[in-house]
Amino acid sequence: MSDTSPHAASHTSPHALRVLVIDDDPEGARSLSELFRCYGCATSVAYSGRVGLRLLKLFKPELVFVDFDMPDMNGLEVVSEAKLIDAEAGRHVMYVCLTGGGPEITDESAGSAGFNRLLYKPLNVTDLLAVLLAARPGNFAAGSNAPAIRPARPMYRDRTPKH
């Protein structure tokens, strides 16, 4: 089942950070999308670069995670075309390159291709949350109109540990 609907997270706030995940690994893409939903984001998922570019136009994300190594288009090709779409629409979008490593992608090459950040797989949740905060920096500022990025479920700090 593909989660490519631009209204996939209609239960979230209309001011929720809009995050698009473009990755040819369905399990990884869905997991990443679900993590972002837990933090109050509206999410959409594409399993190829071409579908991701179509969703970019429909979903209008503020933050896009793009896998570097995909069969139809690599991440550099996707972000290059995505930047043209953003320029035509007058939007500013933050792009994050996801990679398993290797010599073909470095911080410098990712930056010159238009990515704002490069993250290596396996992904670290702390790094992902830092990217969410960078995409919407006013989240913890008093009086901000944007809702804070926080887990959707309440934290149970008063629970005693079970042994």
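This brings us to the overall build of the chain. What the chain contains, in helices and strands, is five helices and five strands. For the chain, the proportion of its 163 residues judged to be buried stands at 40%. Across the chain, contacts joining residues at least 24 apart in sequence account for 64% of those joining residues at least 6 apart. Carbon and sulfur atoms make up 54% of the accessible area of the chain, which totals about 9200 Å².

The buried fraction of strand 3 (residues 63-67) is high, at five of five residues. Covered by surrounding structure in strand 3 are Leu-63, Phe-65 and Asp-67 together with Val-64 and Val-66, the residues of both alternating faces. In this structure, strand 1 (residues 18-22) lies alongside strand 3, joined through four bridges in parallel fashion. By the bridge assignment for strand 3, Ile-22 is matched with Val-66. As paired elements, strand 3 and strand 4 (residues 94-99) share five bridges and run parallel to each other. Its bridge partner being in strand 4, Val-64 is matched across the sheet by Tyr-95. Crossover handedness for the path strand 3 to helix 3 (residues 75-89) to strand 4: right-handed.

The biggest cluster of nonpolar side chains holds 25 residues, and the ones touching the most others in it are Ile-22, Val-64, Val-66 and Tyr-95. When contributions to this core are tallied by element, the ones reaching two or more residues are strand 1, strand 2 (42-46), helix 2 (49-59), strand 3, helix 3 and strand 4.

Turning next to the side chain of Thr-43. Residue position: Thr-43 is located in strand 2. The class of Thr-43 is buried, set by a relative accessible area of 0%. A distance of 2.7 Å separates polar atoms of two side chains, one belonging to Thr-43 and the other to Ser-33. A distance of 2.7 Å separates the side chain of Thr-43 from the side chain of Arg-37, its partner in a polar contact.

In this section: the packing of helix 2 against helix 3. Where helix 2 contacts helix 3, the two axes come as close as 10 Å, and the packing angle between them is 20 degrees. Taken as axis vectors, helix 2 and helix 3 run roughly parallel relative to one another. For the crossing formed where helix 2 meets helix 3, the hand is right-handed. On helix 3, the residues that touch Gly-49, Arg-50, Leu-53, Leu-56 and Lys-57 of helix 2 are Val-78, Glu-81, Ala-82, Ile-85 and Asp-86. Across the contact of helix 2 with helix 3, the residue classes tally to five nonpolar, one polar and four charged.

Moving on: the packing of aromatic side chains. Enumeration over the complete set of coordinates arrives at one aromatic pair. Taking NZ or CZ as reference, Arg-18 lies 4.1 Å from the ring centre of Phe-59, over its face.

With that settled, the discussion passes to the pattern of salt bridges. Counted according to the given criterion, the structure contains six salt bridges. In this structure, Lys-121 and Asp-23 form a salt bridge, with 3.2 Å as the shortest nitrogen-oxygen distance. Note that Lys-121 is positioned in the loop between strand 5 (117-120) and helix 5 (125-135) and Asp-23 in the loop between strand 1 and helix 1 (26-38), a separation of 98 residues in sequence. One salt-bridge network, in which partners are shared between bridges, spans Asp-23, Asp-67 and Lys-121.

What follows covers the pairing of strand 1. Along strand 1, four of the five residues are buried, which leaves the element largely enclosed by surrounding structure. For strand 1 and strand 2, the ladder comprises five bridges, and the chain directions are parallel. Bridge pairing links Val-21 to Val-45 in strand 2. You can see the chain leave strand 1, run along helix 1 and come back into strand 2, and the turn it takes is right-handed.

What counts and what doesn't
- Residues numbered from 1 in each chain as written.
- Predicted model: local features only at pLDDT ≥ 70, side-chain atom pairs only at ≥ 80, totals over all residues.
- Heavy atoms only, no water.
- Helix = DSSP H or I, 4+ residues; strand = E, 2+ residues; numbered from the N terminus.
- Buried < 20%, exposed > 50% of the residue type's maximum accessible area, 1.4 Å probe, protein only.
- Contact = heavy atoms within 4.5 Å.
- Areas by Shrake-Rupley, 256 points an atom, 1.4 Å probe, with all protein chains shown as cover.
- Pairing = 2+ DSSP bridges.
- Right-handed = clockwise from strand over helix to strand, strands pointing away.
- Core = buried A, V, L, I, M, F, W, Y, C linked by side-chain atoms within 4.5 Å.
- Polar contact = N/O pair within 3.5 Å; in protein donor to acceptor, adjacent residues only side chain to side chain.
- Axes fitted to C-alpha atoms, helices over the stretch in contact; angles between N-to-C directions.
- Parallel < 35°, antiparallel > 145°, perpendicular 65-115°, else oblique.
- Left-handed = near helix turned anticlockwise from the far one by under 90°.
- Nonpolar A, V, L, I, M, F, W, Y, C, P; charged D, E, K, R; others polar.
- Phe/Tyr/Trp six-rings, centres within 6.5 Å; stacked < 30°, edge-to-face > 60°.
- Lys NZ or Arg CZ within 6 Å of the ring centre and 35° of its normal.
- Salt bridge = Lys/Arg side-chain N within 4 Å of Asp/Glu carboxyl O.

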